[in-house]
Amino acid sequence: MKIRSMILTATGATMIILPAVGAVAHPSNNGAHPEIMTHPIADVQNNYWFDYVTDIREAEHELKKDLARATDEEDRRDAMEEYRNEIADANKDYRKEMREKGYRVGRVTVGQ
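Quick notes on the rules
- Note on numbering: residues in each chain are counted from 1, in written sequence order.
- With the structure being a predicted model, the display of local features is reserved for residues of pLDDT at least 70 and the display and counting of side-chain atom pairs for 80 or more, all residues being used for whole-chain, interface and lining totals.
- Neither water nor hydrogens contribute to the side-chain values; these are computed over all heavy atoms in the structure.
- For this analysis, a salt bridge means a side-chain nitrogen from Lys or Arg found within 4 Å of a carboxyl oxygen belonging to Asp or Glu.
- Counting from the N terminus, the helices are DSSP H or I runs at least four residues long and the strands are E runs at least two residues long.
- When two rings of Phe, Tyr or Trp (its six-membered ring) have centres within 6.5 Å they constitute a pair, described as stacked for plane angles under 30 degrees, edge-to-face for angles over 60, and tilted for the intermediate range.
- Take the buried Ala, Val, Leu, Ile, Met, Phe, Trp, Tyr and Cys residues and link them wherever side-chain atoms come within 4.5 Å; each set so joined is a nonpolar core.
- Only protein chains enter the accessibility calculation, which uses a 1.4 Å probe; a residue is then buried when its area is under 20% of its type maximum, exposed when over 50%, and partly exposed in between.
- Note on contacts: a residue pair qualifies if any of its non-hydrogen atoms lie within 4.5 Å across the two residues.
- Confidence of the predictor at the level of single residues is given by pLDDT, which spans 0 to 100.

Draft legend 1. Quick look at the pattern of salt bridges. Across all of its chains, the model carries three salt bridges by this definition. The salt bridge partner of Arg69 is Asp66, with a shortest N-O separation of 2.5 Å. Remark: Asp66 and Arg69 occur in helix 2 (residues 47–69); sequence separation between them is three residues, near one turn of the helix.

Encoded structure:
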């Protein structure tokens, strides 16, 4: 009986988190920043992916709070710089963990 409730709890958590992926996987209206991934590497939704999504949501939340408290352009630049750094760090950490687990982490570049 405990295993069944654990599975249902995990399924419920997944159903709550998955819509959040769409909410965080968008370009920022606040300037250029490292790309926010919209899909997990190799389509594997594991703890590293959910940690990544949580990190992105937290970074966006902090950016909104920082921008609301900003009193001048320097405060806004500082908030954006911190946001870009947090996004880059989340990307780096996620890719590193997936690489260590044996998943290929690639980037496709289309040239002219």
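There's plenty left to go through after this.
Draft legend 2. Main features of the packing of aromatic side chains. For the coordinates displayed, the defined rule picks out three aromatic pairs. Three or more aromatic residues link up through ring pairs in this structure, and these residues are Trp49, Tyr52 and Tyr94.

Draft legend 3. Highlighting the nonpolar core. Counting residues in hydrophobic clusters, the biggest one holds 17 residues, and the most contacted among them are Trp49, Tyr52, Tyr83 and Tyr94. Residue assignment for this core shows that the elements contributing at least two residues are helix 2 and helix 3 (73–100). Not counting residues up to four positions away in its chain, the partners in contact with Tyr52 are Glu35, Ile36, Met37, Ala90, Asn91 and Tyr94.

Draft legend 4. Spotlight on the confidence of the model for the chain. On average, residues of the chain carry a pLDDT of 80, and 68% of them reach 70 or more. In this model, residues 13–30 is a region of pLDDT below 50 whose contacts with residues beyond four sequence positions or in other chains number 25 contacts.

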